[in-house]
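Residues per chain, in single letters:
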Amino acid sequence: MSQQHPKIYLLPNLMTAGNLFCGFAATLKILQGALLQVSNPDAASDLFHAAIWFILGACIFDLLDGRLARLGGHDSSFGREFDSLADIVSFGVAPALLVYRIVLQEFPRAGWVVAFVYLACGALRLARFNCLAANHTGADKEFRGFPIPSAAGLIASLTLFMLWLADSEHRLGNWKFVLPPLMLFLSFMMFSRFRYPSFKAIDWRTTKSIPRFLVISLILVVTVMNYEWMPAVLFLAYLLYGFLRPWLSREWQREIEEEIGEEPTAETAEQVP
């Protein structure tokens, strides 16, 4: 009976619904911007800018839904599947459309292939994660491959940073040609064997010392005050950490990940990508 009628917990799934709404809104903004790209480029740029914020907003909702589920002990297979469906819209379709309309449309033969490769690798990564989580093979402790929310966050935040560099012109210029190779690289990273800490140990009950609390608070304040470029720095640092992690000693891994909130076990620390 429990399989025929899965339980739907309110707060975690509301956060997932917020994630899905942000992805849907971002997609609508991109489509509206596409219709205005020729006739009114400035209005189109504003719509693309709004789409970026919706994608980043989806990242926040995605961060909250799992935390609320684990806090209340309501982590479920239904929530995991619902979360993956929302992720493919917010972090797969929306970023692929965004980059396609900004730059890939200039390459009619190869552009749609690049966007689809990113979308397909993101979907495969989500499917693999669900299989690992269903088999309880360590998916809760760390991610195998770069998480698709972080990939979408990096694309969106880097585009936001480029718009900030362009200042009032709202045009990316030649910087936009960085996005296609980045998408291909992230496509590889999402389905790679590199391992990333999930930081799922962080919740409302996580305890920290005063110095660590001050460091985390300072990072949050700096991010809010410098929202134009700081999110890109954070997502990029997380991406690079996956490369450096296998070469760090167990002590360094513990220091870095405990500083943020994770508490790696000996089993996790011994795993190699």
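That block above? That's the structure.
Residues numbered from 1 in each chain as written. Predicted model: local features only at pLDDT ≥ 70, side-chain atom pairs only at ≥ 80, totals over all residues. Heavy atoms only, no water.

Caption draft 1: Quick look at the packing of aromatic side chains. With the rule as written, the count across this model stands at 11 aromatic pairs. Where Phe-78 meets Phe-82, the ring centres are 6.2 Å apart and the plane angle is 40°; that geometry is what we call tilted. Here the residue Phe-78 and the residue Phe-82 both occupy positions in helix 3 (residues 77-102), the gap between them amounting to 4 residues, near one helical turn. By relative accessible area, which is 21% here, Phe-82 ends up partly exposed. (Phe/Tyr/Trp six-rings, centres within 6.5 Å; stacked < 30°, edge-to-face > 60°. Helix = DSSP H or I, 4+ residues; strand = E, 2+ residues; numbered from the N terminus. Buried < 20%, exposed > 50% of the residue type's maximum accessible area, 1.4 Å probe, protein only.)

Caption draft 2: View of a nonpolar patch on the surface. A cluster of nonpolar side chains, Trp-164, Leu-165, Trp-175 and Val-178, forms an exposed patch at the surface whose accessible area comes to about 420 Å². By secondary structure assignment, the location of Leu-165 is in helix 5 (residues 148-166). (Patch = residues over 30% accessible without salt bridge, like charges linked within 9 Å, V, L, I, M, F, W, Y side chains within 5 Å. Areas by Shrake-Rupley, 256 points an atom, 1.4 Å probe, with all protein chains shown as cover. Salt bridge = Lys/Arg side-chain N within 4 Å of Asp/Glu carboxyl O.)

Caption draft 3: Spotlight on the environment of Leu-132. Relative to the helices and strands, Leu-132 is located in helix 4 (residues 111-135). Residues Leu-132 and Arg-144, spaced 12 residues apart in sequence, show a C-alpha to C-alpha distance of 9.4 Å.

Caption draft 4: Local environment of helix 8 (residues 230-244). In this model, helix 8 (15 residues) spans 21 Å end to end at C-alpha, consistent with the 21 Å of a helix rising 1.5 Å per residue. Within helix 8, burial applies to Met-230, Pro-231, Ala-232, Phe-235, Tyr-238, Leu-239, Tyr-241 and Gly-242. (Expected span 1.5 Å × (residues − 1).)

Caption draft 5: The nonpolar core, seen in detail. Counting residues in hydrophobic clusters, the biggest one holds 48 residues, and the most contacted among them are Tyr-118, Phe-146, Leu-179, Met-183 and Leu-186. Those elements that place two or more of their residues in this core are helix 1 (10-36), helix 2 (41-71), helix 3, helix 4, helix 5, helix 6 (179-190) and helix 8. The dominant element in this core, judged by the number of residues it contributes, is helix 5, at 10 residues. (Core = buried A, V, L, I, M, F, W, Y, C linked by side-chain atoms within 4.5 Å.)

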